[in-house]
Amino acid sequence: MIPIAKPMMGEEEKRAVLEVLDSGMLAQGPRVEKFEQAFAEMCGVRFAVATSSGTTALHTSLMTHGIGESDEVITSSFTFIASANSILYTGAKPVFVDIDARTYNIDPAKIEAAINNKTKAIMPVHLFGLSCDMGAIMDLVKKHNLILIEDACQSHGATYKGKKVGSFGTGTFSLYPTKNMTSAEGGMITTDDEKFAGECRIIRQHGMRQRYYHDDLGFNFRMSDVHAAIGHEQLKKLPRFNEARQRNAAFLSKHLEGVVVPTVPKGCEHVYHQYTVRVPGGKRDALIEHLKNNGIGCGVYYPVPVHKQNYYLKELGYKQTLPETERASAEVLSLPVHPGLSPADLESIVGAVNEFMAA
Ligand SMILES: Cc1ncc(COP(=O)(O)O)c(C=O)c1O
């Protein structure tokens, strides 16, 4: 079976974990700080704050920006549920804007119609490893004086016009095992704003400014030194991992037939967290079956958009129609693209897809 995702762990990660275990400093400590500094450098920002997950990185960022009840945050519905749920945690309302059919990212041409006097922030989700159209989004952010929180949970190292995602406003990343780099579980907030970074650190640690004095409501959203040790070693390998993903994606895009391969807009560097094709003619689910029978793992990200999830429909009363989002949910399929693929694996994937689509 060729898996859809495969964490790439080496001797370096194992050694780093053992060093932490031997050091006796298991909770948030010096390895977290080193990892934060290295991550900030990779992202081209001054500060990074490590958290326990991508979800808590989003939640902490929204809270620290003061977003809460009666505020609205514009985002995409074609995403993992955490993007929108993190907005709900603060008491604010996620407002969904439809996607661009070619990139699967939020369509900037449709954002302005969703802005009103309750809109506090825009949360573009750089889906599958591809940056959103940050030129158009930054124009709107400036014009309407909005906060920008990038959900870069799937896009470590991706760029827009040479600038890393996560460096346009407040950046948030996930370090879950299927991501382009991992710390097993973990997250990261990136920012150029020193005061903001400091406030995030306080929220991460139960709102504690001075030991056992709590002026704010915070959480335990810390990362452990064990996780940071893994993450830091993975970060060193991120350029190699991303290059391998790009090579694999280039092979797939060159040889696949009968499906719509990913678009890379001019000026964007795609890091292919997922290699997602569109399967026309209602054949997607039958193709999944065919791939399974041929030992090829694949995945649908995401079969149900957030605004159509039961909780959003039944408990929150969302009634929106987002045509491109809903069409994408019915047609997309992600194929393996991870750095662990061999040339023979890539040939098998292409062979199985082309055979089915030609039939
Ligand atoms: C787009 C997006 N946002 C947020 C998250 C949440 O990250 P985590 O699973 O680390 O909490 C993920 C992770 O899967 C994601 O893909």
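Once a new chain begins, its residue numbering starts again from 1 and follows that chain's sequence as written. Only residues with pLDDT of at least 70 get local features here, since the model is predicted, and only at 80 or more are side-chain atom pairs given and counted; chain-wide, interface and lining totals rely on the full set of residues. Here the side-chain values reflect all heavy atoms present in the structure, with hydrogen atoms and water set aside.

Engineer: An account of empty space enclosed by the protein is needed here, citing residue identities and associated values.
Structural biologist: Every definition here rests on a 1 Å grid over the protein atoms only: cavities are sets of points where a 1.4 Å probe fits but cannot get out, pockets are open sets enclosed by protein on both sides within 12 Å along at least five of seven lines, and lining residues have some atom within 4 Å of a point. Grid points are joined across faces, edges and corners, and a volume is the space filled by probe spheres set on the points. Following the criterion strictly, the structure yields three cavities of 30 Å³ or more and no others. In this structure, the largest cavity occupies an estimated 80 Å³ of space. Taken together, 14 residues make up the lining of the largest cavity; nearest its centre are Lys6, Pro7, Met8, Lys179 and Arg245. Three classes are used, and their members are as follows: Ala, Val, Leu, Ile, Met, Phe, Trp, Tyr, Cys and Pro are nonpolar, Asp, Glu, Lys and Arg are charged, and the others, Gly among them, are polar. Broken down by class, the residue content of the lining of the largest cavity amounts to seven nonpolar, four polar and three charged.

Engineer: Describe the site of the ligand, and please don't skip the residues or the numbers.
Structural biologist: Residue proximity to a molecule or strand is established when one non-hydrogen atom of the residue lies within 4 Å of it. Every one of the 16 residues lining the ligand counts as a neighbour, but Gly54, Thr55, Asp151, Ser174 and Lys179 are closest to it. In the environment of the ligand, an oxygen atom lies 2.8 Å from a nitrogen or oxygen atom belonging to the backbone of Gly54. Two N or O atoms form a polar contact when they lie within 3.5 Å of each other; inside protein one atom must be a possible hydrogen donor and the other a possible acceptor, and for residues adjacent in sequence the pair counts only when both atoms belong to side chains. Within the side chain of Gln154, one N or O atom sits 2.9 Å away from an oxygen atom of the ligand. Under the convention used here, a 1.4 Å probe and the Shrake-Rupley method define accessible areas, while residue burial counts only the protein chains that appear. Across the complex, the protein chains shield 92% of the 380 Å² of accessible surface that the ligand would expose by itself. Pocket or cavity membership: a molecule qualifies when more than half of its atoms sit within 2 Å of the grid points of that site. Under a 2 Å grid-point criterion requiring more than half of the atoms, the pocket assigned to the ligand is the largest pocket. At three residues, the largest contribution of residues to the shell around the ligand is made by helix H3 (residues 54–64). Broken down by class, the residue content of the shell around the ligand amounts to six nonpolar, eight polar and two charged. Secondary structure elements follow DSSP: runs of H or I of four or more residues count as helices, runs of E of two or more count as strands, with numbering from the N terminus.

Engineer: Talk me through the sheet that holds strand S6 (residues 159–160); I want residue IDs and the actual numbers.
Structural biologist: Strands pair, by our definition, only if DSSP identifies at least two bridges between them. Within the open sheet, the three strands sit side by side as S7-S6-S12. Their pairing is antiparallel. Edge positions in the open sheet fall to strand S7 (163–164) and strand S12 (268–269), since each of these has one partner strand only. Note: S6 against S12, two bridges, orientation antiparallel. Note that in S12 the partner of Thr159 across the bridge is Glu269.

Engineer: Describe unusual backbone geometry, with residues and values.
Structural biologist: Residue Tyr301 is joined to Tyr302 through a cis peptide bond whose omega torsion reads 15°. Within the secondary structure layout, Tyr302 lies in the loop between helix H8 (284–293) and helix H9 (310–315). In this model, Ser70 sits at a positive phi of 70°, which is unusual for a non-glycine residue. In this fold, Ser70 is placed in the loop between H3 and strand S2 (72–76). Of note, Ala184 is a non-glycine position whose phi angle comes to about 85°, a positive value. Along the chain, Ala184 falls in the loop between strand S8 (170–174) and strand S9 (187–191).

Engineer: Break down the packing of H3 against helix H6 (residues 194–204) for me, citing the residues and quoting the values.
Structural biologist: To characterise two packed helices, one gives the angle between the axes of the helices and the distance between these axes. Each axis is a line fitted through C-alpha atoms, taken for helices only over the stretch in contact, and angles between the N-to-C directions span 0 to 180 degrees. Running from N to C, H3 and H6 point in directions that differ by 120°, and their axes come no closer than 9 Å. Compared by their axis directions, H3 and H6 come out oblique. The element H3 and its partner H6 pack so that their crossing is right-handed. In this structure, H3 contributes Thr60, Ser61, Met63 and Thr64 to the contact, and H6 contributes Phe196, Glu199, Cys200 and Ile203. Here the residues of the contact of H3 with H6 are counted per class, giving four nonpolar, three polar and one charged. Convention used here: angles under 35 degrees read as roughly parallel, angles over 145 as roughly antiparallel, angles from 65 to 115 as roughly perpendicular, and any remaining angle as oblique. Should the near helix be turned anticlockwise from the far one by less than a right angle, the crossing is left-handed, and should it be turned clockwise, the crossing is right-handed. We call two residues in contact when some of their heavy atoms are within 4.5 Å.

Engineer: Before we move on, could you go through the layout of surface pockets and cite the residues and values that matter?
Structural biologist: Which parts of space are left empty comes out when a probe the size of a water molecule is rolled across the atoms. Empty space within the largest pocket amounts to approximately 400 Å³. Lining the largest pocket are 24 residues; nearest its centre among them are Phe80, Ser174, Tyr176, Lys179 and Tyr302. Secondary structure elements with two or more residues in the lining of the largest pocket: H3 and helix H4 (81–89). The element best represented in the lining of the largest pocket is H3, accounting for three residues.

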